Amino acid sequence: MRHLISPLDFTVEELDRLLDLAADIEKNPKKYQEACKGKKIATLFYEPSTRTRLSFEAAMINLGGQVLGFSEASSSSAAKGESVADTIRIISCYADICAMRHPKEGAALVAANNSSIPVINAGDGGHQHPTQTLTDLLTIRSLKGRLDNITIGLCGDLKFGRTVHSLINALLRYDNVKFVLISPTELRVPEYIIENINAAGAEYVEVTKLEDVIGELDLLYMTRVQRERFFNEEDYIRLKDSFILDKKKMTLAKDDMLVLHPLPRVNEISVEVDKDPRAVYFKQGQYGVYVRMALILTLLEVEV
Ligand code: CP
């Protein structure tokens with residue numbers, strides 16, 4: 001039995017197979033519509049979510065399966081003090097696979113260590129968000145045609161942004177990926193991620209102004225400054241509007257630069273950018289369903 005706790009749990013070859021499967025699902029959805037008939041996914045969300053929870057549920061429904069779960073800790077027995085370990089032992093009796101989001105780093109790993117069904121980490125605190133990474137990789141591969149030989153700018157809250165940490169770790173396994181890390185100094189990428197970049201021998205620069213570097217990028221990955229990760233409201237207010245991508249900045253970008261964002265956005269991308277064909281963050285949400293369908297099939301070892 002396999003779990004998905006970190007994007008690195010799959011080898012590059014396994015990841016390629018998963019992305020190929022997701023691409024086939026996109027082309028031939030009917031072929032998969034009964035693949036998980038009789039199977040259930042439990043979505044255990046101790047933190048708010050729109051895309052991740054609902055795309056997992058849509059993915060299982062598209063595969064002919066069913067869903068159960070909770071969308072906030074307060075409506076589960078966590079509110080009475082039940083541990084993640086005990087919860088997953090019980091959920092293992094009710095479902096075939098589960099996706100868990102939790103505010104504490106490492107919670108999904110604790111669940112996996114106590115589970116008899118596959119556990120998918122749907123985000124653990126500021127740590128990892130592997131299925132967002134799968135979504136990002138599928139979006140980049142589908143729309144850019146490659147995962148190597150790219151210059152990617154990651155912009156915004158690079159300190160707490162778990163999607164950024166997961167994506168950097170995943171892209172480090174491909175050739176000639178250059179990282180342009182764009183953040184206020186207070187929200188720099190954590191040192192352990194810089195160590196990973198150095199260990200992989202990849203190129204990176206850290207800058208504080210988006211307009212200085214946007215013209216060099218093949219991809220721009222925007223992120224939200226996350227109010228919920230700050231201990232101090234004053235710091236959040238000071239930093240929240242550090243970067244706003246607008247039409248004017250887009251005029252400095254390459255004609256084929258793609259703009260991604262894991263969403264939700266607050267105001268770091270002006271709505272006027274939505275109509276730009278280079279803005280692919282809503283398409284990214286659709287790719288999230290295909291890749292989660294592929295992941296469910298893979299972890300449940302369902303052959304179609
Ligand atoms: N991208 C993402 O994780 O969105 P949600 O928080 O809405 O699930």
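Enquirer: Any chance you could explain the site of the ligand here in plain terms?
Expert: As a structural note, the neighbourhood of the ligand is formed by Ser49, Thr50, Arg51, Thr52, Arg101, His129, Gln132, Pro262 and Leu263. A distance of 2.7 Å separates an oxygen atom of the ligand from a polar atom in the side chain of Thr52. At 2.8 Å from a nitrogen atom of the ligand is found a main-chain nitrogen or oxygen belonging to Pro262. Protein chains shield 91% of the accessible area of the ligand, which is 260 Å² for the free molecule.

Enquirer: How should helix α11 (residues 281-299) be read in this particular structure?
Expert: Two residues of an α-helix separated by three or four positions point the same way, owing to the 3.6 residues in each turn. The end-to-end C-alpha separation of α11 is 27 Å, in line with the 27 Å expected for 19 residues at 1.5 Å each. Burial analysis of α11 places 14 of its 19 residues in the buried class, the great majority of the element.

Enquirer: Explain the packing of aromatic side chains here, please?
Expert: Centre-to-centre distance and the angle between the planes together describe a pair of aromatic rings. For the coordinates displayed, the defined rule picks out three aromatic pairs. Here the aromatic rings of Tyr287 and Tyr290 are separated by 6.2 Å at their centres, their planes lie at 70°, and the arrangement is edge-to-face. Highlighted residues: Tyr287 and Tyr290, both in helix α11, separated by three residues, approximately one helical turn. When sorted by exposure, Tyr287 lands in the same class as Tyr290, which is buried. We note Arg292 situated over the ring of Phe56; from NZ or CZ to the ring centre the distance is 5.1 Å.

Enquirer: Before we go on, may I ask you to explain the packing of helix α5 (residues 130-144) against helix α6 (residues 162-171) in this structure?
Expert: Packed helix pairs are specified by the crossing angle of their axes together with the interaxial distance, meaning the distance between the axes. In the contact formed by α5 and α6, the axes pass within 9 Å of each other and the chain directions differ by 55°. Between α5 and α6, the interaxial angle falls into the category oblique. Where α5 crosses over α6, the two elements pack in a sense that is right-handed. On the side of α5, the interface is formed by Pro130, Gln132, Thr133, Asp136 and Leu137, while α6 contributes Thr163, Ser166, Leu167, Ala170 and Leu171. Each residue belonging to the contact of α5 with α6 can be placed in one class, and the counts come to five nonpolar, four polar and one charged.

Enquirer: I'm lost on the pattern of salt bridges in this one. Help?
Expert: When charged atoms on two side chains of opposite charge get close, those side chains can pair. In this structure the tally under the stated criterion is 13 salt bridges. Across the pair Glu14 and Arg2 runs a salt bridge, and its minimum N-O distance is 2.7 Å. Placement of Glu14 in helix α1 (residues 12-27) and of Arg2 in the segment before α1 is noted, with a sequence separation of 12 residues between them. By relative accessible area, which is 22% here, Glu14 ends up partly exposed. A cluster of three or more residues bridged by salt bridges with shared partners is formed by Arg188, Glu191 and Glu206.

Enquirer: Any chance you could explain the pairing of strand β2 (residues 66-70) here in plain terms?
Expert: Residues in a regular strand point their side chains to alternate faces of the sheet. In this sheet, β2 lies alongside strand β1 (residues 40-45) in parallel orientation, the contact comprising five bridges. Bridged to Thr43 within β2 is Gly69. The handedness of the β1 to β2 crossover, carried by helix α2 (residues 51-62), is right-handed.

Enquirer: How should I be thinking about the sheet that holds strand β4 (residues 119-124) in this particular structure?
Expert: Ordered by their spatial adjacency, four strands build an open sheet running β2-β1-β3-β4, and the pairing between neighbours is parallel. Because the sheet does not close on itself, it has two edges, and the strands there are β2 and β4. The mean angle between the axes of side-by-side strands here comes to 15°, regardless of whether they run parallel or antiparallel. One ladder, built from four bridges, connects strand β3 (residues 97-102) with β4; its direction is parallel. Note on β4: the bridge partner recorded for His102 is Asp124. Taken strand by strand, α2 contacts β1, β2, β3 and β4, and its axis lies near 175° from that of β1.

Enquirer: In this structure, what is going on with unusual backbone geometry? I would like to understand it.
Expert: With the exception of glycine, the majority of residues adopt a negative phi angle, and the majority of peptide bonds are in the trans configuration. Cis geometry marks the peptide bond from Leu263 to Pro264, where omega comes out at 5°. With respect to the helices and strands, Pro264 occurs in the loop between β9 (258-260) and α11. The backbone of Leu263 shows a phi angle near 65°, a positive value even though the residue is not glycine. Turning to its location among the elements, Leu263 is positioned in the loop between β9 and α11. For Leu263, a relative accessible area of 15% translates into the label buried.

Enquirer: Please explain the nonpolar core as it appears in this structure.
Expert: One recurring pattern in soluble globular proteins is that nonpolar side chains are buried together. Leu154, Ile168, Leu171 and Phe179 are the most contacted members of the largest nonpolar core, which totals 59 residues. For this core, the leading source of residues is α11, giving 10 residues. What Leu171 contacts, discounting residues up to four positions off in sequence, is Leu137, Leu147, Ile150, Ile152, Val177 and Phe179. In this structure, Val180, Ile214, Ala253 and Val273 belong to the second largest nonpolar core, which totals 20 residues.

Enquirer: What exactly am I supposed to notice about α6 here?
Expert: With 10 of its 10 residues buried, α6 lies for the most part within the structure. Those residues of α6 not exposed but buried are Arg162, Thr163, Val164, His165, Ser166, Leu167, Ile168, Asn169, Ala170 and Leu171.

Conventions and cut-offs
- Residues numbered from 1 in each chain as written.
- Predicted model: local features only at pLDDT ≥ 70, side-chain atom pairs only at ≥ 80, totals over all residues.
- Heavy atoms only, no water.
- Near = heavy atom within 4 Å.
- Polar contact = N/O pair within 3.5 Å; in protein donor to acceptor, adjacent residues only side chain to side chain.
- Areas by Shrake-Rupley, 256 points an atom, 1.4 Å probe, with all protein chains shown as cover.
- Helix = DSSP H or I, 4+ residues; strand = E, 2+ residues; numbered from the N terminus.
- Expected span 1.5 Å × (residues − 1).
- Buried < 20%, exposed > 50% of the residue type's maximum accessible area, 1.4 Å probe, protein only.
- Phe/Tyr/Trp six-rings, centres within 6.5 Å; stacked < 30°, edge-to-face > 60°.
- Lys NZ or Arg CZ within 6 Å of the ring centre and 35° of its normal.
- Axes fitted to C-alpha atoms, helices over the stretch in contact; angles between N-to-C directions.
- Parallel < 35°, antiparallel > 145°, perpendicular 65-115°, else oblique.
- Left-handed = near helix turned anticlockwise from the far one by under 90°.
- Contact = heavy atoms within 4.5 Å.
- Nonpolar A, V, L, I, M, F, W, Y, C, P; charged D, E, K, R; others polar.
- Salt bridge = Lys/Arg side-chain N within 4 Å of Asp/Glu carboxyl O.
- Pairing = 2+ DSSP bridges.
- Right-handed = clockwise from strand over helix to strand, strands pointing away.
- Core = buried A, V, L, I, M, F, W, Y, C linked by side-chain atoms within 4.5 Å.

Everything listed here is a matter of geometry and, on its own, says nothing about what the molecule does.
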